[in-house]
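Here's the letter readout for the chains.
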Amino acid sequence: MDVSGSLDPYVEVKLGNYKGKTKFLEKNQNPVWTQIFAFAKDRLQSNLLEVTVKDKDFGKDDFVGRVFFDLSEVPLRVPPDSPLAPQWYILEDKKGMKTRGEIMLAVWMGTQADESFPEAWHSDAHDISQTNLSNTRSKVYFSPKLYYLRVHVIEAQDLVPSDRGRMPDVYVKVQLGNQLRVTKPSSMRTINPVWNDELIFVASEPFEDFIIVSVEDRIGQGKDEILGRVILSVRELPTRLEAHKLPDPRWLNLLRPSFIEEGDKKKDKFSSKILLCLCLDAGYHVLDESTHFSSDLQPSSKHLRKQKIGILELGILSARNLLPLKGKDGRTTDAYCVSKYGNKWVRTRTILDTLNPRWNEQYTWDVYDPCTVITIGVFDNCHINGSKEDARDQRIGKVRIRLSTLETDRIYTHYYPLLVLTHSGLKKHGELHLAIRFTCIAWVNMLAHYGKPLLPKMHYYHPISVRHIDWLRHQAMQIVAARLSRSEPPLRREAVEYMLDVDYHMWSLRRSKANVHRMMSMLSGVTAVCKWFNDICYWRNPITTCLVHVLFFILVCYPELILPTIFLYLFVIGLWNYRFRPRHPPHMDARLSQADNAHPDELDEEFETFPASRPSDIVRMRYDRMRSVAGRVQTVVGDLASQGERAQALLSWRDPRATAIFILFSLIGAILIYVTLFQVVAVLVGLYVLRHPRFRSRMPSVPVNFFKRLPSRADMLL
C-alpha cells in the first residue's frame, strides 16, 4: 500500500459501536496475529460483524480489504465441542469486489466456559492499551506450598570472643529470607553455652532460601559481635511426617565472618561448633488465613492428605448498584472479583466503566472438609490506562460462605450485600449475585469428618503456642502475598491481604463490643430458661407449674425415663426449628459487627497503622479508653475465676471451718440418702425448689450465702 511497496498491516474488528484492533506488524505481507476478540451478547447493537485489514501509516491508515459476517449465520459452539477450524476468506474492497489477499479467522457464538474466553480482548476493554490488557483478564492462581521449618538450637562449643578477658553473653540469631528469630541468651556466660531453644519458621517451595545461623556476643547496648556463622540450604533438610522422632542433631562448624569473606583462600585449622537439629515438619497445616475462616485444613505432606469428599462450584454472575469509585476520573467503576478456597485463587476479568457488571464466570474446587469457608471479594481495578504504578485496587466488599451451611446438590442463587468499613463509616457498595453448589461424592467420609479433629494430628501431639502461631500466620500471609503479586498478571498485595484478613487479630474497640454482644446473645437462651424456671417456681402460671409437678413425679417414680425424655425433647425442638431454617447462606451483618453505629474515633483507631502514627494526646486518650474497657473485661474474667476457685475451696481447707461444715454436711447427706429411697429424697428436694411463693423469702438461700463466703485466690493478687 505504500509507495515503497511495503505493508504494515493490522486488523480492525467492529461490531456496532464496539471495535478492537490487533497489533500492527511492520513490512509484512503474510502477518500472523493469533488474537481473539469477544463481544458481549447483551451489548450487541448491530447484526453485522465487520473485519477490516488496514495499513498503518503516518497520516490516515490505508484500507486494504474487509470481510462481513451476518450474526444470524454465525454458528453456535458450546464446550466440550471441539474448537472451530479457522477458514480463509477473500478480502473485498469498499465496492464489494474481490481484491488481492486473504484472511484466516474463525467466528462463533460462544460461552464463558470457552477455553478462548480468558485470553480474549473483550469489547468493553477496546480502549485499553496492550500493556494494561493483561490486568483485565481472568486468571487462576495457586498459593505456594508452605512448610513449618523447625530449628532446634542446642549448644555451642569453643567460642572465641574478641576480648579473651571476659566471658561472652551469647545468643543465636536465625534468619530465613525475611524471617528473623533470636534465641534466649544462654543461662551461663561461658565459651560453651547451652540454649536448648526451638525456633519455627515458614518455608515455601521450591526452597530457594538459605538458613543463616549466627552466634553473636552482646558486648554492650546496641553493640553485638558475630562469633561465627553457618549457612544451610533448605533443600538439604530432612522432612518429618507426623509425630515421628526428630532427626539426629548435627555438629556444624561456625565460620568467622572474615573467613566467609575470603572464601577458600585459606583453611581454618580450628573452628567453633554449634549443635543444631533442623527439619521440615510436613505433618502440620501451615495457617495462612484466620482460623475462623479457614478454607484449607490439609497437612503440608501430600502423603498425609485425606481423600476429597465433594466438589464446590461457584458461579460469579453479576453485581448491581455499585458505587462510582472513579468519579473524579470521569469513569464509574472497573470491577473484578477474586475468590479463594484452599490453595486455589481465581480472578474474574475486569468489567470496565459500569455500575452493573456481568461476569457469568464459573469455577470449581475439590472439597476435602465440609467445615471450611470460601471467600469472594470484589475490587475496583486501579491499573487501567493512565494509572500510577503504586496505585492500590480499592475494596468494594467481601462475602464468606461456610460450606457446612449449604445443603448438598442444591444450587443457591442469591444477592449478597457488599459492605466495607472505612474511616468515614460503613458503606454499602452494592450487591453481588452468586450461584453456588456443593456436591458430595462420599457421604460416609463427609459425615465421618464431623467426628474428627479440624487440624492434622501434629497440632495436637506437638502443639505450637498461640503466640508463635500468630507470628507464623503473619509470615505465611506475607509469603503468599509476595508470591501472588509476582504472578503475571499480578494478584496484588492489597487484594490478597484483604482476602486473608491480615488485620483481623488487631485490637478493635468495635469488634470487642460486637463480641460482647455475641456473648450476651448466646447467654440470652440460658437466661430465658432460668426465667422460665423461675416463673414456674413462683407460680406465675399455676397450670404450667402443676404440669411440671406431674412430669416431675413421673420422672422420679420412673428414673429410667429421664434420659429418653431429654433426648426426645431435643428431637422435638430440632424438628420444630426445621421450619425456621435459613433459606440462604449467611452474609456479612452490619448490625452484628457493630459497624452501623461505630463512633468515628473508634474507626480511626481501628484503621490506625502499627505502631501508632497519631499525635501523642490522641494516643493517650485511646490508651486511657482501652484501659477502661480492658478494666471492665478484667473484672468480669476475675469474677468468673473467683466462682471456680470458690468451688475448689470447698475441699481444699483454705477455710478450715467452711470445709469442715461442707464435709460434715456431705457425710450426713450420704447417710440419709443411703438409708432413704432415692425417690423420696428427689421428691422432697423437688417440692422444696418448686414451693409456693408464700413459703419463700426474699433473702438469699443458705447454700448461696455459704458459697459466696468461700475464699478465692483474688485475695492473693498484688
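Conventions adopted
- Residues numbered from 1 in each chain as written.
- Predicted model: local features only at pLDDT ≥ 70, side-chain atom pairs only at ≥ 80, totals over all residues.
- Heavy atoms only, no water.
- Helix = DSSP H or I, 4+ residues; strand = E, 2+ residues; numbered from the N terminus.
- Rg over C-alpha atoms; globule rule 2.2 N^0.38 Å.
- Contact = heavy atoms within 4.5 Å.
- Salt bridge = Lys/Arg side-chain N within 4 Å of Asp/Glu carboxyl O.
- Buried < 20%, exposed > 50% of the residue type's maximum accessible area, 1.4 Å probe, protein only.
- Pairing = 2+ DSSP bridges.
- Axes fitted to C-alpha atoms, helices over the stretch in contact; angles between N-to-C directions.
- Phe/Tyr/Trp six-rings, centres within 6.5 Å; stacked < 30°, edge-to-face > 60°.
- Lys NZ or Arg CZ within 6 Å of the ring centre and 35° of its normal.
- UniProt positions renumbered as here; feature names shortened; annotations may be inferred.
- Expected span 1.5 Å × (residues − 1).
- Core = buried A, V, L, I, M, F, W, Y, C linked by side-chain atoms within 4.5 Å.

**Considerations on the overall build of the chain**
Within the chain one finds 14 helices and 26 strands. Against the 2.2 N^0.38 benchmark of 27 Å for 718 residues, the chain shows a C-alpha radius of gyration of 35 Å, more extended than a compact globule. The principal-axis extents of the C-alpha atoms in the chain amount to approximately 120 × 90 × 55 Å. Within the chain, contacts between residues at least 6 apart in sequence are counted, and of these 67% link residues at least 24 apart.

**Regarding the side chain of Thr439**
Tracing the backbone through its elements, the reader meets Thr439 in strand β26 (residues 425-440). Excluding its chain neighbours within four sequence positions, the residues that come into contact with Thr439 are Ile309, Gly310, Ile311, Glu313 and Asp409.

**Thoughts on the pattern of salt bridges**
Following the criterion strictly, the structure yields 25 salt bridges and no others. Glu216 serves as the salt-bridge partner of Lys173, at 3.4 Å between the closest nitrogen and oxygen. One end of the pair, Lys173, is in strand β11 (residues 170-176); the other, Glu216, is in strand β14 (residues 210-220), with 43 residues separating them in the sequence. The exposure class of Glu216 is buried, given its relative accessible area of 7%. A salt bridge links Glu407 to Arg410; the nearest nitrogen and oxygen atoms lie 3.6 Å apart. Assessed through its relative accessible area of 36%, Glu407 is described here as partly exposed. Shared partners join several salt bridges into a network, and the residues in it are Arg150, Glu198, Arg240 and Asp281.

**Considerations on the sheet that holds strand β19 (residues 310-320)**
Pairing in this open sheet of four strands is antiparallel, and the strands run β22-β19-β26-β25 from one edge to the other. A single partner strand is all that each edge strand has here, and the edge strands are β22 (358-367) and β25 (411-422). When strand polarity is set aside, the average angle formed by the axes of neighbouring strands in this sheet is 30°. Here β19 pairs with β22 via eight bridges, running antiparallel. Bridging across to β22, Ile316 finds its partner in Glu361.

**Considerations on the packing of aromatic side chains**
Each aromatic ring pair is characterised by the separation of its centres together with the angle its planes make. By the definition in use, this model includes eight aromatic pairs. With a centroid separation of 6.5 Å and 75° between ring planes, the pair formed by Tyr341 and Trp365 is classed as edge-to-face. Highlighted residues: Tyr341 in strand β20 (residues 335-341) and Trp365 in strand β22, separated in sequence by 24 residues. In this pair, the class of Tyr341 matches that of Trp365, namely buried. Aromatic side chains Phe379 and Tyr498 sit 5.7 Å apart centroid to centroid with 85° between the ring planes, which places their arrangement in the edge-to-face category. Highlighted residues: Phe379 in strand β23 (residues 373-380) and Tyr498 in helix α6 (residues 493-500), separated in sequence by 119 residues. Of the two residues, Phe379 and Tyr498, both sit in the buried class. Through successive ring pairs, a cluster of aromatic residues spans Tyr336, Phe379 and Tyr498. Arg181 extends its terminal NZ or CZ atom over the ring of Trp471, reaching a point 4.6 Å from the ring centre. A cation over an aromatic ring shows up here: Arg579 above the ring of Trp576, its NZ or CZ 4.7 Å from the ring centre.

**Quick notes on the UniProt feature "transmembrane region" (unreviewed entry) in the chain**
Per the UniProt entry, the sites bearing "transmembrane region" (unreviewed entry) are residues 546-576 and 660-690 in this numbering. For residues 546-576, the end-to-end C-alpha separation is 25 Å, with 87% helix and 0% strand making up the annotated structure. Secondary structure content for residues 660-690 is 90% helix and 0% strand, while the C-alpha to C-alpha distance between its ends is 30 Å.

**With respect to helix α5 (residues 466-485)**
Along its 20 residues, α5 runs 28 Å from first to last C-alpha, staying within 8% of the 28 Å computed at 1.5 Å per residue. Residues Ile469, Leu472, Arg473, Gln475, Ala476, Met477, Ile479, Val480, Ala481 and Leu484 constitute the buried set of α5.

**A few points about the side chain of His459**
Counting through the fold element by element, His459 comes out in helix α4 (residues 458-461). When residues no more than four places from it in sequence are discounted, the contact partners of His459 are Tyr284 and His285.

**With respect to the nonpolar core**
Counting 32 residues, the largest nonpolar core has Trp359, Ile374, Leu432 and Leu434 as its most contacted members. Of all elements in the fold, only β19, β20, β22, β23, β24 (394-402), β25 and β26 reach the threshold of two or more residues within this core. The dominant element in this core, judged by the number of residues it contributes, is β26, at five residues. Counting 30 residues, the second-largest nonpolar core is a separate cluster that includes Val172, Ile211, Leu227 and Leu276.

**What to know about the environment of Asp390**
One can find Asp390 in the loop between β23 and β24. A residue is classified by how much of its surface remains accessible, and Asp390, at 63% relative accessible area, is exposed.

**Regarding α6**
Burial analysis of α6 places six of its eight residues in the buried class, which makes it a mostly covered element. Listing the buried residues of α6 in full gives Glu494, Ala495, Val496, Tyr498, Met499 and Leu500. Following α6 by one or two positions, Asp501 adopts a phi angle in the positive range, close to 55°.

**Points about the environment of Ile231**
Along the polypeptide, Ile231 turns up in strand β15 (residues 223-233). Judged by its relative accessible area of 47%, Ile231 falls in the partly exposed class. Sequence spacing of Ile231 and Phe210 is 21 residues, and the spatial spacing of their C-alpha atoms is 6.6 Å. Those residues in contact with Ile231 that lie beyond four places of it in its chain are Phe210, Ile211 and Ile212.

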